[in-house]
Amino acid sequence: MIEEVLHYSKAVQLKAKSRFVDMSVLLADLKGQLLVTHQHLPITIDIESTPPIYGDVTMIQ
């Protein structure tokens, strides 16, 4: 939770830098973080093909 607060505080201070974001990479990273954080739970996360989006990666996270 502290990490999310730090991300949010950085996002508030920075100016948005929009670009194309590879959602497959971003979602795989977030999936990995979730699985590590909750490794004691039987979690399965299936992510299918996702298109890139245009936005600020810090704000999206």
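This section reports on the structure supplied with the text. (Residues numbered from 1 in each chain as written. Predicted model: local features only at pLDDT ≥ 70, side-chain atom pairs only at ≥ 80, totals over all residues. Heavy atoms only, no water.)

1. Observations concerning the overall build of the protein chain
Each helix and strand counted, the protein chain has 3 helices and 2 strands in total. Helices and strands appear in the protein chain in the N-to-C order α-β-α-β-α. Going through the 61 residues of the protein chain one by one, you find that 10% of them count as buried. A separation of at least 24 residues holds for 81% of the contacts in the protein chain among residues at least 6 apart in sequence. (Helix = DSSP H or I, 4+ residues; strand = E, 2+ residues; numbered from the N terminus. Buried < 20%, exposed > 50% of the residue type's maximum accessible area, 1.4 Å probe, protein only. Contact = heavy atoms within 4.5 Å.)

2. Observations regarding a nonpolar patch on the surface
Taken together, Leu 35, Leu 41 and Ile 43 make up a surface patch of nonpolar side chains, about 210 Å² in accessible area. The topology assignment puts Leu 35 in helix α2 (residues 23–37). Judged by its relative accessible area of 31%, Leu 35 is partly exposed. (Patch = residues over 30% accessible without salt bridge, like charges linked within 9 Å, V, L, I, M, F, W, Y side chains within 5 Å. Areas by Shrake-Rupley, 256 points an atom, 1.4 Å probe, with all protein chains shown as cover. Salt bridge = Lys/Arg side-chain N within 4 Å of Asp/Glu carboxyl O.)

3. A look at the packing of aromatic side chains
In the structure shown here, the tally under the stated rule is 1 aromatic pair. An angle of 65° between the planes, with centres 5.3 Å apart, marks the rings of Phe 20 and Tyr 54 as edge-to-face. Pair noted here: Phe 20 is in strand β1 (residues 19–21) and Tyr 54 is in strand β2 (residues 53–55), with a separation of 34 residues, a long-range link. Judged by relative accessible area, which is 59%, Phe 20 ranks as exposed. (Phe/Tyr/Trp six-rings, centres within 6.5 Å; stacked < 30°, edge-to-face > 60°.)

4. Here we look at α2
When the terminal C-alpha atoms of α2 are compared, their 21 Å separation across 15 residues agrees well with the 21 Å that a helix rising 1.5 Å per residue should span. In this structure Asp 22 caps α2, since a side-chain oxygen of it lies 3.0 Å from the backbone nitrogen of Ser 24. (Expected span 1.5 Å × (residues − 1). Polar contact = N/O pair within 3.5 Å; in protein donor to acceptor, adjacent residues only side chain to side chain.)

That is the geometry; function is a separate question.
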